[in-house]
Every structure is written in structure tokens, then in C-alpha cells.
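# Remarks on the overall topology
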Amino acid sequence: MEILRNLTRRKLRSTLTILGIVIGIFALTTMGAMSEHFNALLDGGVKYFGSSVQIGAPDGQASILPLSKLDDIKQVDGVAAAFPGYSFPAKPGAVSTVSLSLPDTIVGHDPAENDYSALKTTMAQGHDVAADARGDVVLGSSMANEFKSKIGDSIDLPVKPKDAGPDFVNHTFTVVGILNPTRTAPDNFAYVSNLDAQMLFKESLPAAIRNTVDAGKVASGFAAYARPGTSLADLDRIADRINHEVTGVKAIKPSDLVNSFKAGGATFTAITTAAAVLALVIGGLSVVNTMIMEVTERFREIGLKKAVGAHTGHILREYLIEATLIGLLGGVFGYGLGVGLTNLLNLAGRSSNLELFLITPPLTAIALGFAVALGALAGIIPAFRAARLDPVTALRTTN
């Protein structure tokens, strides 16, 4: 109670001090939530590309590979499974702008691939697309929100642009499943069977060669998997063996892709660090200033306490608790404002596939823990000044 009374003696000063902490923790929470969102996206890439070997056409060649190469890849030592890859823009012809989210994509899908990939998807509603299905689609959570789709609804894919020509072709698919959120790429995917993907692949080819290609015998790429638990270094060696033993393809070392994703994650982590430094500068200086002023104004009170028997540890503890309480109050209010704003912005952007913030338990612990630690550290110097004050000198002081 005494500490609370001390805080309310100078209401305006205490409010401004707490507000300094609020601003810093608010910045840490909002920027940290954006960093957590992008790191979740990148972590998904690390999981997927760190558990598979991506295989495409050699440099300078069109991305059309014969499916017969799939059998050759499966014969390479260390390869446990391999699958063809197909992907297409779900919104072809969309105006290219700076985007903070992944584009909607139609992906060819074999349900068996989920058994090998480290990036697992699970069904929130409905069921997966069967390997031999035609006209079925499973939507990622973001695509389902964007198109307001439910199980049994129809969706035309690819989405027809407003300025589409008369030769534009799309197809009506029935939504048979909706995925649980992954916070990464699959949220923006529309999964169709490889049979439907081959149909879309043929329609995506230039008209001059479209009728010369048997879509049932080609793919745009392959993904090879080793046994679950295979190390990244072993996957790199498998990629080297594929390049050496299978002609007409190029396998990319998984470590190269993983390292590029990790480099991107370091950038967003730096954003959180910068926000933490901002909180330290703004909040820390305000707490130090307030606590020094508190000690100066209460010289006589401190001297009186020590004169009647208060120990140095008691005085030290009192001022440290007061500074820590300031940090805690500022942290709670700053974190609460940050959570409120990020949730509002996510809600507003959900229909446009622009959920840019992610509040996680680690971020919550960092924000509140940082605020408390900041208050305690900023209060150390004023607390020691108060604890070491000579009671005779303090009692002679006039305030």
C-alpha cells in the first residue's frame, strides 16, 4: 500500500513515466507480432525445403520435364519417395504490387506426400483430395476466408480477371476440405489432384505448343524425399547424386534454400531487436528520471525511516519494487494496446488475405518480462542512492 501511495503522490509524473513504458512495449509488441508472422512464414519454408529435394529443369530450359524422370529419381540411393510438382497462380493477370502476404496458388497434390514432408497439413473440415479425384479442391485457411468458402461450395479456378480475353479458361471445383491454419504457405494454397493439375498445366502452355504436349506425361518439377529424420547434409548428398545419375534435371541442395529462408528470418528478428532498444531508451530513461526525482523529494522521509531503525535492505527493496511496479504497469498496458491493435488490423485484413500479425506465447513473455526487467534495472541506481543516504544529512534537508 505504501508503494502505491508513493506512486499516486505525483500522479502526472507517474502517469507520464508509465506512458513511456507503454509506448516502448507497445512498439515492441506490434513490431514483434509482425516479425513473428513473417518468421512463421519463413519457418514453414525451412520445414518444407529442409525435408525435400526440389528438382527442376536445367538452367536455360523450359520447366517441362517428362514424368519418366520420376522413376529414375526414385532409383537414386537414399530417395524414399518422389512426387511430381505443379503450381499455378490462382489469380492470373493480377496487377503486381508490393505485397506483405503470399500469393494465392493452385497446387497439384498427392495425399501421400504429406507422410514425408516435415511441413504437415491437417484438415479442419471435410476430407483430403483423393489421388484420382476430378473437380475437387481443398482450400488453405486464408483462401477459404478470402473466398468465404464452405464445404460443398463451388469455386472457379483460376479466378477470371475482369479484363480476361475470350480465350480465358477456368474450371469449377467443389470444395471438399478446408485446412487448419499453418501460418505459412499452405494457408494460401488450393490443392487439386495431379490429374486436374495436369489439365491446368496444359492450359497454361503457350498456344503454339499446347496441342503437341501430352500433359499426362509431363510435370513442371519434382520433389524427392528421404526417410523421415534424414539430416540436411544427407539430403544435400542425395541432391548431388540425383544431378550425377539422372540426366536432364537439376536438383537444388536443400541447405541452399534453407539458408536463404533463415537469412530472411534474421532480418525480421532485427526488427524486434530495434523495437526492444526503443523500449529501453524511452522507458528506461523515464523510469530513472522519475525515481531520482522521487528520492530527491523524499530525503527527509528516508532519513526518518533510517533514524527509527529501517535497514538499508528495506529502503533498497522499497525503491526497487516501486520501479518494478512502474515497469509492470507500463508493460501490461503497452502489451494490451499492442494486442488490441494487431487483432483489429488482422480482423480488418482477413477478407483481403492481409493478416500481418501473430501474437505468440514467447512474444508475450518477452514483452512483459522486458517491461518488468526494464523497470527493475532502471530503478537500481536511484534505489542504491536512497539506501546509502546518511540519515543525519537527510533529516537536515528541507523539501
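Keep in mind that this is a model prediction, so the values were computed, not measured.

## A word on the overall build of the chain
Scanning the chain from N- to C-terminus turns up 13 helices and 13 strands. Classification of the 399 residues of the chain by burial places 44% in the buried group. Contacts spanning at least 24 positions in sequence make up 80% of the contacts within the chain whose residues lie at least 6 apart. Here the chain displays about 19800 Å² of accessible surface, and carbon together with sulfur accounts for 62% of that area.

## Considering the side chain of Ser149
With respect to the secondary-structure elements, Ser149 resides in the loop between helix H4 (141-146) and strand E8 (154-157). Owing to a relative accessible area of 9%, Ser149 belongs among the buried residues under this scheme. With sequence-adjacent residues up to four places away left out, Ser149 is seen in contact with Leu139, Ala144, Ile155, Val175 and Ile178.

## Quick word on a nonpolar patch on the surface
A cluster of nonpolar side chains, contributed by Leu16, Leu19, Ile23, Val277, Leu278, Val281, Ile282 and Leu285, occupies part of the molecular surface with about 680 Å² of accessible area. Every element with two or more residues in the nonpolar patch is listed here: helix H2 (11-49) and helix H8 (254-297). Top element by residues in the nonpolar patch is H8. It accounts for five residues.

## With respect to the pattern of salt bridges
Under the criterion given, the structure shown has eight salt bridges. Here Lys253 makes a salt bridge to Asp240, at a shortest N to O gap of 3.9 Å. Note that Lys253 is positioned in the loop between strand E13 (250-252) and H8 and Asp240 in helix H7 (residues 232-245), a separation of 13 residues in sequence. What you see here is one network of salt bridges that share partners, running through Lys91, Asp104 and Glu146.

## Structural notes on the packing of aromatic side chains
With the rule as written, the count across this model stands at seven aromatic pairs. When the centroid spacing of 6.0 Å and the interplanar angle of 70° are considered together, the rings of Phe83 and Tyr225 count as edge-to-face. With Phe83 in strand E3 (residues 81-85) and Tyr225 in strand E12 (residues 221-225), this residue pair connects regions lying 142 residues apart in the sequence. Take Phe83: its relative accessible area is 7%, and that puts it in the buried class. On the basis of relative accessible area, Tyr225 is assigned to the buried category, the value being 1%.

## Regarding the pairing of strand E1 (residues 53-56)
What you see with E1 is no split at all: Val53 and Ile55 on one side and Gln54 and Gly56 on the other are buried throughout. When E1 meets E12, the two strands line up antiparallel, connected through three bridges. The residue of E12 that forms the bridge with Ile55 is Phe222. Examined bridge by bridge, E1 and E13 share three bridges and lie antiparallel to one another. By the bridge assignment, Gly56 is partnered in E13 with Lys250.

## Remarks on the sheet that holds E3
Sheets are built from strands paired through backbone hydrogen bonds, the pairs being either parallel or antiparallel. Taken together, the four strands give an open sheet; going across it, the order is E3-E12-E1-E13, and neighbouring strands pair in antiparallel fashion. Where the open sheet ends on each side, the last strands, each with one partner, are E3 and E13. Each adjacent strand pair in this sheet contributes to an overall mean axis angle of 25°, direction not counted.

## Describing helix H11 (residues 361-378)
Think of an α-helix as turning once every 3.6 residues; residues three or four places apart then point the same way. Between the first and last C-alpha of H11 there are 25 Å, a value that for 18 residues agrees with the 26 Å anticipated at 1.5 Å per step. Those residues of H11 not exposed but buried are Leu363, Thr364, Ala367, Ala371, Leu374, Gly375 and Ala378. The arc enclosing the buried residues of H11, seen along the axis, measures out at 120°, which places them on a common side. In H11, the exposed positions that point more than 90 degrees away from the buried face belong to Pro361, Ala365 and Leu377.

## Some words on the nonpolar core
Val53, Ile55, Ile73, Val137 and Ile242 are the most contacted members of the largest nonpolar core, which has 42 residues in total. Looking at this core element by element, the count peaks at four residues for H7. Ignoring anything within four residues of it in the chain, the contact list for Ile55 reads Leu65, Ile73, Gly221, Phe222, Ala224, Ile242, Val249, Lys250 and Ala251. Ile21, Val22, Val287 and Ala378 belong to the second-largest nonpolar core, a separate cluster that totals 14 residues.

The rules behind these values
Residues numbered from 1 in each chain as written. Predicted model: local features only at pLDDT ≥ 70, side-chain atom pairs only at ≥ 80, totals over all residues. Heavy atoms only, no water. Helix = DSSP H or I, 4+ residues; strand = E, 2+ residues; numbered from the N terminus. Buried < 20%, exposed > 50% of the residue type's maximum accessible area, 1.4 Å probe, protein only. Contact = heavy atoms within 4.5 Å. Areas by Shrake-Rupley, 256 points an atom, 1.4 Å probe, with all protein chains shown as cover. Patch = residues over 30% accessible without salt bridge, like charges linked within 9 Å, V, L, I, M, F, W, Y side chains within 5 Å. Salt bridge = Lys/Arg side-chain N within 4 Å of Asp/Glu carboxyl O. Phe/Tyr/Trp six-rings, centres within 6.5 Å; stacked < 30°, edge-to-face > 60°. Pairing = 2+ DSSP bridges. Axes fitted to C-alpha atoms, helices over the stretch in contact; angles between N-to-C directions. Expected span 1.5 Å × (residues − 1). Arc of directions from axis to C-beta. Core = buried A, V, L, I, M, F, W, Y, C linked by side-chain atoms within 4.5 Å.

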